[in-house]
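These are the residues of each chain, in order.
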Number of protein chains: 2
Amino acid sequence: MPVERTRILLDTIKRLLRRGATVHLHKIVNKTHAADLAVVFQFLTLSEQEALFDLTDNIEQKAMLFSELEQETLLNLIEDMQAEKIAEILEQMPTDDVADLLGQLSDDRAKALLDLMTKEDSEEVEELLSYDEETAGGIMLPDFIALKEETTAKEAIEALQKEYVDVEMPFYLYVVDDHDYLVGIISLRQLVVVRPETKLKSIMATDVVSVRTDMDQEEVARIVARYNILAVPVVDENNKLVGIVTVDDVIDIIREEATEDILKMAGAGEGLIETQSLLKSTRIRLPWLLASWVGGVIAFLVISHFESSLNKFIYLAAFIPIIMGMGGNIGTQTSTIVVRGLATGQLDLKLIWQVVLKELAIGFLLGLVYGLLLGVFAHLRYDLWLLGVTVGLAVMSSMTIAATVGSLVPMVFARINIDPAVATGPFVTTSIDILSVFLYFQIATMLLNL
Amino acid sequence: MPVERTRILLDTIKRLLRRGATVHLHKIVNKTHAADLAVVFQFLTLSEQEALFDLTDNIEQKAMLFSELEQETLLNLIEDMQAEKIAEILEQMPTDDVADLLGQLSDDRAKALLDLMTKEDSEEVEELLSYDEETAGGIMLPDFIALKEETTAKEAIEALQKEYVDVEMPFYLYVVDDHDYLVGIISLRQLVVVRPETKLKSIMATDVVSVRTDMDQEEVARIVARYNILAVPVVDENNKLVGIVTVDDVIDIIREEATEDILKMAGAGEGLIETQSLLKSTRIRLPWLLASWVGGVIAFLVISHFESSLNKFIYLAAFIPIIMGMGGNIGTQTSTIVVRGLATGQLDLKLIWQVVLKELAIGFLLGLVYGLLLGVFAHLRYDLWLLGVTVGLAVMSSMTIAATVGSLVPMVFARINIDPAVATGPFVTTSIDILSVFLYFQIATMLLNL
């Protein structure tokens, strides 16, 4: 639903809620796609959400809405809901969504809900919960179509009609041997175009791309994206087929990871927090600003240290913003390119020195251009060529160092397995500020005291 | 293929190329998945790429490689290739990939290649080229399965076996009326589980999510992601079915758009440019740094304007970095949250004042905390409470204004249909720098001259 339509739906629902037009609302909540309702829910108060939810009488619609709602919205909504009612809805949801939700609840509450579910369902959920949340095991769906090699196409289609009615991704059929090891894959399309008596063994593809349960979800997403597949089978350490990760979950992962990287680099938390309370938003942003405050105090101490030079040439102060700004900006450019390149796999960690050397060269070239410009400007303004040389050299060295630090730091962090995005923001920006100011005053003191 | 395996493959290929081991290389290039080869190609020289490409004798493998290669790599590779050879490969590629490639070539060259293709293929490509590249029409695939309402399930499966052998996404069948208007959709799975004589009309879903040819690709991606579908049908202004957009293209769009947004916000171009030459990289980054240079000169002029205050209280200079830094950082946090929120649809443009007011409040709160901290620090250091009040107020006002500007600017840009990401980076950062410095010295001049 385009933004236009969301807005219209939201306005309509709000108006009907004010009027208490339950008959009309009843029709809307039961007929609108759950994905659209989920967007609308984000902009409603809790009591409005509850009113709408109570009007939904189709249990499947409730389950779809649960799957589609933003995590925080859902957690608020179920806070005061009866456990029996929740469990009834959970039974209708895909297992991976149930596991996601229960993973966010207190152990007691999760256990109470599991106890209310059928044994088969709760066991599947518990299996998923046993894997790390951000791995293939944590995001996989345990419902898939697995058939033996000797099965014929006709039997496979019959199985689709009887056993595998609720499978979410019925477009691939997996072929397993007697130990449930994954040995092949067939697309539903192949199945319908071969003779009914054909055995799966003779038409299956055997070079199957699969992932291990402990593979990081970002890596899983990269594989699905690279090979243009709709679902990737997940196997345990013995190559036993245990689940599949579908492309729609991969899309969510790719978006979330991109959002996470963007926000981390800006020191603004990990998830979009606009729907959160004022105080919570404030608290999330506090730490990075503290790093920047401490960095600012260090820059203050550096400048204080050079007070005598500053006293002699008071106009040195007026160039502080431009020298910090040029260093900071090229540093941000560089570290952003490197962090994103590492995230998308377009940049190889192995090429660390190649990348850093190239960035250093770019920083030097751009520093030369803008240093020269500023040097000429300063000389024209104060008719003092030594000042021109000072600010010119300061810009050049600040930009060269910023480009080097901006590329080196994220690559080194990635190498020692620290998330480059989270480390890069505060670390790079603050250290470049301090280095720029220090170099500037050091150069000024040396040159202007000649 | 995980990064580990890419590296091993790359090393192997490089070693074999040095040794001239063509027999071995021949086997590798013809057996490796084209998506993996495409990654390896990024790290090879042009002559190495040509050597490998010449060893590929399977035309379908060549076509898949063309589809998988990064655009720039592909353009370099085909630069000196014979038109006949290229056209032969294009015939084997999905139409949307051919259109993407031809759209990047000179009109003469594209026309020459189209003339060499079969009439049917070239017409399809030309149709795609007539749409704007970043719309549903520009990214759609014109190959889809369209059947009439009266068709039976058995006939539909027969059509799959005969007419629609090469369709890339055979999992949805679209139902059209006599005017080719889209009226329904059936999944392949439904088709195989109903009786053979069932008419499509009676099993098709009629509430089809479809998009118009002129819809922006980002919007198309949001729809596919929101409704968890594998392909979305594209219709023209008359609701005539003309193509489909598949989920694998949507994944590429989501990744590209995220990369684009991240890089634009950092003023580092639109695409990852690490594979580009040194001079090209430098040129792409030059303009934003110019904006930042001009901003720095304005900040210089602002400070010069307050020279007499600075002369009186020389230590004012030492606080410039922290006041700029705190404003700049909270501005980046805020604008990043807003730009990303708008991109993912989690933030509604309609709520502009709600968002800006909240950010203003956050900026004020955080400004209060860090302003107080700095004020106390300054007072303790210089035993001058008026200086403490000055820098404290400066941090507070700078952070409040930065949060306001950082949220208002991207929302206003989005409202007037200018890409918020591209406008936000240089505009927000530079104006916050200037405003912070101005407010600081204005407050200082007022308070310290008392």
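Residues numbered from 1 in each chain as written. Chains lettered and ligands numbered in written order. Predicted model: local features only at pLDDT ≥ 70, side-chain atom pairs only at ≥ 80, totals over all residues.

## A short note on the overall build of chain A
Rules: Strands are runs of DSSP state E lasting at least 2 residues, helices are runs of H or I lasting at least 4, and numbering of each runs from the N terminus. In this treatment the radius of gyration is a C-alpha quantity, and the globule benchmark scales as 2.2 Å times the residue count to the 0.38 power. Residues are called buried when their C-beta atom has 20 or more other C-beta atoms within 10 Å, exposed when it has 12 or fewer, and partly exposed otherwise; all C-beta atoms are positioned from the backbone.
Per the secondary structure count, chain A includes 22 helices and six strands. By the compact-globule yardstick of 22 Å for 450 residues, chain A is too spread out, its C-alpha radius of gyration being 29 Å. Burial analysis of chain A (450 residues in total) assigns 46% to the buried set.

## A few points about the packing of helix α20 (residues 352-382) of chain B against helix α21 (residues 385-415) of chain B
Residue and element names in this part refer to chain B. Heads up, the rule is: To obtain an axis, a line is fitted to C-alpha atoms, over the contacting stretch when the element is a helix, and the angle between two such axes runs from 0 to 180 degrees between their N-to-C directions. Angles below 35 degrees are treated as roughly parallel, those above 145 as roughly antiparallel, those between 65 and 115 as roughly perpendicular, and all remaining angles as oblique. Each crossing is labelled by how the near helix is turned from the far one, with a counterclockwise turn of less than a right angle marking it left-handed and a clockwise turn marking it right-handed.
The N-to-C vectors of α20 and α21 enclose an angle of 160 degrees; their axes lie 7 Å apart at closest approach. Overall, the two elements α20 and α21 adopt an arrangement that is roughly antiparallel. Once α20 is placed against α21, the crossing between them reads as right-handed.

## Things to note about helix α10 (residues 119-129) of chain B
All names here are of chain B. Heads up, the rule is: Regarding the arc, it is the one traced by the directions from the helix axis to the C-beta atoms. Two residues form a contact once the distance between their C-beta atoms, set from the backbone, is within 7 Å.
Within α10, the full set of buried residues consists of Ser 122, Glu 124, Val 125 and Leu 128. With its buried residues spanning 160 degrees around the axis, α10 presents them on a single face. Exposed residues on α10 whose side chains face more than 90 degrees from its buried face are Lys 119 and Glu 120. Contact partners of the buried residues in α10: α8 (95-104), α9 (107-116) and α11 (136-139).

## Points about the nonpolar core
What counts is decided by this rule: In this usage, the nonpolar core is the set of buried Ala, Val, Leu, Ile, Met, Phe, Trp, Tyr and Cys residues whose C-beta atoms join them within 7 Å.
Of all hydrophobic cores here, the largest spans 213 residues; its most connected members are Val245(A) and Val245(B). Leaving out residues up to four positions away in the same chain, Val245(B) has contacts with Ala136(B), Ile139(B), Met140(B), Val220(B), Val224(B), Ala231(B), Val232(B), Val234(B) and Val250(B). Listed in part, the 28 residues of the second largest apolar core include Val39(B), Ile89(B), Val98(B) and Leu102(B).

## Focus: the relation of the copies chain A and chain B
Filter applied, for reference: Here the copies are superposed with least squares, the fitted atoms being C-alpha atoms of residues at a pLDDT of at least 70 in both.
By a simple turn and slide, chain A fits onto chain B: the slide is 0.0 Å along the axis, the RMSD is 0.2 Å, and the turn is 180 degrees. The transformation relating the two chain copies, once decomposed into turn and shift, fits a two-fold axis. The rotation axis passes nearest to the C-alpha of Ala317(A) in chain A, at a distance of 2.8 Å. The residues that chain A uses at the interface reappear at the interface of chain B in 99% of cases, marking a shared surface.

## Quick look at the environment of Thr429(B)
Examined against the element boundaries, Thr429(B) turns out to sit in helix α22 (residues 420-448). If near-sequence neighbours (up to four positions away) are discounted, Thr429(B) is found in contact with Gly328(B) and Gly331(B).

## Structural notes on the environment of Met117(A)
All names here are of chain A. For Met 117, the location among the structural elements is in the loop between α9 (107-116) and α10 (119-129). The partly exposed category is assigned to Met 117, around which 19 C-beta atoms lie within 10 Å. Separated by 26 residues in sequence, Met 117 and Glu 91 have C-alpha atoms that sit 6.7 Å apart. Those residues in contact with Met 117 that lie beyond four places of it in its chain are Ala 87, Leu 90, Glu 91 and Ser 122.

## Section: the interface of chain A and chain B
Quick note on the threshold: Under the convention adopted here, Pro, Cys and the residues Ala, Val, Leu, Ile, Met, Phe, Trp and Tyr are nonpolar, Asp, Glu, Lys and Arg are charged, and Gly plus all remaining residues are polar.
The interface of chain A with chain B comprises 91 residues on the first partner and 91 residues on the second. Element by element, the count of residues in the side of chain A that touches chain B is highest for helix α17 (residues 278-305) of chain A, at 16 residues. For the side of chain A that touches chain B, the residue count by class is 57 nonpolar, 21 polar and 13 charged.

## Structural notes on the sheet that holds strand β3 (residues 182-187) of chain B
Residue and element names in this part refer to chain B. Selection rule: Strands are treated as partners if at least two bridges between them are detected by DSSP.
Read across the sheet, three strands follow the order β1-β2-β3 without closing on themselves; strand pairing throughout is mixed. The sheet is open, and its two edges are formed by β1 (146-148) and β3, each paired on a single side. Between one strand and the next, the sheet's axes are offset by a mean angle of 35 degrees, whatever the strand orientation. As defined by bridge partners, strand β2 (residues 172-176) adjoins β3 across five bridges and the pair is classed as antiparallel. For Leu 173, the partnering residue across the bridge sits in β3 and is Ile 186.

## Considerations on the sheet that holds strand β6 (residues 241-246) of chain A
Residue and element names in this part refer to chain A. Spatial ordering of the open sheet is given by β4-β5-β6, a layout of three strands whose pairing is mixed. For this open sheet the edge positions go to β4 (211-212) and β6, each flanked by a neighbour on one side alone. When β4 meets strand β5 (residues 231-235), the two strands line up parallel, connected through two bridges. Residue pairing in the sheet places Val 211 in a bridge with Val 234 of β5. Of the strands in this sheet, β4, β5 and β6 are in contact with helix α15 (residues 217-227), which crosses β5 at around 135 degrees. Along the sheet, helix α16 (residues 247-265) makes contact with β5 and β6, crossing β6 at roughly 60 degrees.

## Things to note about the pairing of β5(A)
Residue and element names in this part refer to chain A. Of all five residues in β5, four are buried; the element is thus mostly enclosed. Pairing of β5 with β6, which is carried by five bridges, proceeds in the antiparallel orientation. Note that in β6 the partner of Ala 231 across the bridge is Thr 246. The hairpin turn running from β5 into β6, its antiparallel successor, is five residues long, and Asn 239 in that turn takes a positive phi close to 70 degrees.

## Some thoughts on unusual backbone geometry
Residues and elements named next belong to chain B. Of note, Asn 228 is a non-glycine position whose phi angle comes to about 50 degrees, a positive value. Even without glycine at this site, Asn 239 takes up a positive phi of about 70 degrees. Positionally, Asn 239 belongs in the loop between β5 (231-235) and β6 (241-246). Owing to 15 C-beta atoms within 10 Å, Asn 239 belongs among the partly exposed residues under this scheme.

## Some remarks on the confidence of the model for chain A
Residues and elements named next belong to chain A. Where we set the bar: Per residue, pLDDT measures the predictor's confidence, with a range of 0 to 100.
Summing up the model confidence of chain A, the mean pLDDT is 88 and the portion of residues at 70 or higher is 97%. Per-element confidence in chain A is highest for β5, whose mean pLDDT is 95, and lowest for helix α1 (residues 3-19), whose mean pLDDT is 83. Two numbers describe this predicted complex: its pTM, 0.77, and its ipTM, 0.76.

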